[in-house]
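Close look at the chain arrangement
Here are the chains, one letter per residue:
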Amino acid sequence: MKIETRSIEYIPANERHGKAKGLFHVWFAANMHLTTLVTGALCVSFGLNLFWSVVAIIVGNLLGAIFMASHSAQGPKLGIPQMIQSRAQFGVIGAVIPLLLVIFMYLGFFASSGLLGAQVLSSTLDLDLTWSIIILNIITFIVTMIGHDLIHKMQKYLSWFFFIVFLIATIIIIQLPVPEGSWSPTHIDIPAFLLSVSVVATWQLSFAPYVADYSRYLPVDTPSAQTFWYTYAGAVLGTVWMMLLGVILATAIPGYLNNSGDHLAHQFGNFALIMFIAIFLGQLSINVFNLYGSFMSTVSTIEPFSKLKFTPKVRMFFVLGITIIGTLLTILGKGNFLSNFTNFILFISYFLIPWTAINLVDFYLLRHGEYSIKDIFDLNGKYGKVNMITTMTFVVSILAEIPFINTSLYMGPIAKALGGADLAWILGLAVPSFMYYGLMKRKLRLGETVEISINHSNDKTASN
């Protein structure tokens, strides 16, 4: 299989290939791993019983995946990676703001997912944890270097393997005894429920900055509805399945989250090795996504300031550098995983949600998918260097979220008054959607008026 030669540039029609249904395998397999399971289990650690944890997981995924899959539908239409398309909203230089935040997100997930995979490898082969981290990340580097087509093929085969293994796991896990009242709907902790929905929805939204990276090679005439629904179905089914297993295990096994991989594998008894392999491959799978996305975003950040040509050799240099940084972060952060992971997921949501609202409003409501790819790569193009409307909207949206934030590091005054309910994600969607739409619609209308006026003036001059 050939090494991918493209990076952030437009994918021409003669290189487009594949069908939208392949996206189901990509996003189903991308969620069938231990990190997803642990994220679902957090609902129990927040104080919900089994019944309300399940409700929070279903609601959060159904909502969050709408936005994630809407980004996926942009891929075939535009033929460019997700984050570079932000230049059309933020400006070519202004897009560096969300890009840097997204790179931070990728590295955080790379470290957290890598640690879980390395813990499994360490306990299975009796290896030092640091060496297990290094081995996992070397394999991740190799797959990422080969690129897009190998990732698609890997996800297709892994989706069937995960389906079989976790079907058996589900049959075993649902038979575990749980405390009395775990399935009772009579008592609900509203703040814990809202916090859980926020964390689960953020899980889906965390894919938004790179979901179009895996649909951009599809033919231009691929129906948007197919791209959306295959992505949505794969993401929701895979995530809900794993998160439900997570809440059952966390309810049935005291201290489950302290050693999630071992607890899961040991449910298989003498066949625990099969589950260890599935866990390892799952963490490898998602970390390839994190590394691939990190590379795309890093290139998108550097490209406006550099004339560097991204040859396969330069690509290898960047991917290797990001792998080394991610490996160091994993090694340094291995001592306090659960607390770091919870705070990390909540932290990124406060930045990701306003970005996703701005991007989708621009694509679907303002420009209706019509963009100039040439200008996206031009510092002096129609999208400008910095769009102050977008930048202001982004900053105001984040500020609006602060009073509603609930993390172990900081709780906003309104969240405190509501007993700890985290409603920041609702503000993060509503404020930028209305603010950006109103201000940008006016700017675009004025721009069209000026353009018509200039053309009319030119026509009069020509006739004279």
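Residues numbered from 1 in each chain as written. Predicted model: local features only at pLDDT ≥ 70, side-chain atom pairs only at ≥ 80, totals over all residues. Heavy atoms only, no water.

A short note on the pattern of salt bridges
Applying the stated criterion to the full structure yields seven salt bridges. Close ionic contact of E4 with R315 constitutes a salt bridge, the shortest N to O distance being 3.3 Å. Note that E4 is positioned in the segment before α1 (22–29) and R315 in helix α13 (residues 312–332), a separation of 311 residues in sequence. Since its relative accessible area comes to 8%, E4 is described here as buried. (Salt bridge = Lys/Arg side-chain N within 4 Å of Asp/Glu carboxyl O. Helix = DSSP H or I, 4+ residues; strand = E, 2+ residues; numbered from the N terminus. Buried < 20%, exposed > 50% of the residue type's maximum accessible area, 1.4 Å probe, protein only.)

Quick notes on a nonpolar patch on the surface
A contiguous nonpolar surface patch, about 590 Å² in accessible area, is contributed by W160, F163, I164, L167, I168 and I171. Among the structural elements, I171 can be located in helix α8 (residues 148–173). (Patch = residues over 30% accessible without salt bridge, like charges linked within 9 Å, V, L, I, M, F, W, Y side chains within 5 Å. Areas by Shrake-Rupley, 256 points an atom, 1.4 Å probe, with all protein chains shown as cover.)

Observations regarding empty space enclosed by the protein
Overall, the coordinates contain three cavities of 30 Å³ or more when judged by the stated rule. Space inside the largest cavity adds up to approximately 90 Å³. What lines the largest cavity is simply P98, L101, V102, F104, M105, F347, I348, F351, L352, W355 and F394. For the lining of the largest cavity, the secondary structure elements donating two or more residues are α6 (96–125) and α14 (337–366). If you add up the space inside the second largest cavity, you get close to 60 Å³. Along its surface, the second largest cavity is lined by M105, F109, W203, S206, F207, Y210, I286 and N290. Each residue belonging to the lining of the second largest cavity can be placed in one class, and the counts come to six nonpolar, two polar and no charged. (1 Å grid on protein atoms, 1.4 Å probe; cavity = no way out; pocket = protein on both sides within 12 Å on 5 of 7 lines; lining within 4 Å. Points joined across faces, edges and corners; volume = space filled by probe spheres on them. Nonpolar A, V, L, I, M, F, W, Y, C, P; charged D, E, K, R; others polar.)

Concerning the side chain of S294
Turning to its location among the elements, S294 is positioned in helix α12 (residues 272–302). Given a relative accessible area of 1%, S294 falls into the buried group. Reaching out from S294, the side chain makes a polar contact with the backbone oxygen of N290 at a distance of 2.7 Å. Sequence-distant contacts of S294, defined by excluding residues within four places in its chain, comprise Y106, L107 and I322. (Polar contact = N/O pair within 3.5 Å; in protein donor to acceptor, adjacent residues only side chain to side chain. Contact = heavy atoms within 4.5 Å.)

Re the nonpolar core
The biggest cluster of nonpolar side chains holds 125 residues, and the ones touching the most others in it are W27, L34, F166, Y256, L264, M275 and F289. Per-element tally for this core: the top contributor is α12, with 15 residues. By size, the runner-up hydrophobic cluster in this structure holds five residues, among which are F404, I405, L423 and A424. (Core = buried A, V, L, I, M, F, W, Y, C linked by side-chain atoms within 4.5 Å.)

Some remarks on the packing of aromatic side chains
Within the structure shown, the criterion is met by 28 aromatic pairs. Considering the side-chain rings of W27 and F207, the 5.3 Å spacing of their centres and the 70 degrees angle between planes classify their relative orientation as edge-to-face. With W27 in helix α1 and F207 in the loop between α9 (190–205) and α10 (224–252), the pair connects residues that are 180 residues apart, well separated along the chain. Per residue, the accessibility class of W27 equals that of F207, and both read buried. Ring geometry for F163 against W241: centres 5.8 Å apart, planes inclined by 80 degrees, an arrangement best described as edge-to-face. Note that F163 is positioned in helix α8 and W241 in helix α10, a separation of 78 residues in sequence. (Phe/Tyr/Trp six-rings, centres within 6.5 Å; stacked < 30°, edge-to-face > 60°.)

As for the layout of surface pockets
A probe matching the size of a water molecule, rolled over the atoms, marks out where space remains unfilled. Approximately 410 Å³ is the volume attributed to the second largest pocket. Lining the second largest pocket are 18 residues, with G18, K19, G22, H152 and K156 positioned closest to its centre. In terms of residue count, the dominant contributor to the lining of the second largest pocket is α8 (six residues). Taken together, the residues that form the lining of the second largest pocket break down as six nonpolar, seven polar and five charged.

Topic: the packing of α6 against helix α7 (residues 129–146)
It is the contact of α6 with α7, at a shortest axis distance of 8 Å, that shows an interaxial angle of 115 degrees. Regarding α6 and α7, the two cross each other, and that crossing is right-handed. Only L129, S132, I133, I135, L136, N137 and T140 of α7 make contact with α6, whose side of the interface consists of F110, G114, L115, G117, A118, Q119, L121 and S122. Taken together, the residues of the contact of α6 with α7 break down into eight nonpolar, seven polar and no charged. (Axes fitted to C-alpha atoms, helices over the stretch in contact; angles between N-to-C directions. Left-handed = near helix turned anticlockwise from the far one by under 90°.)

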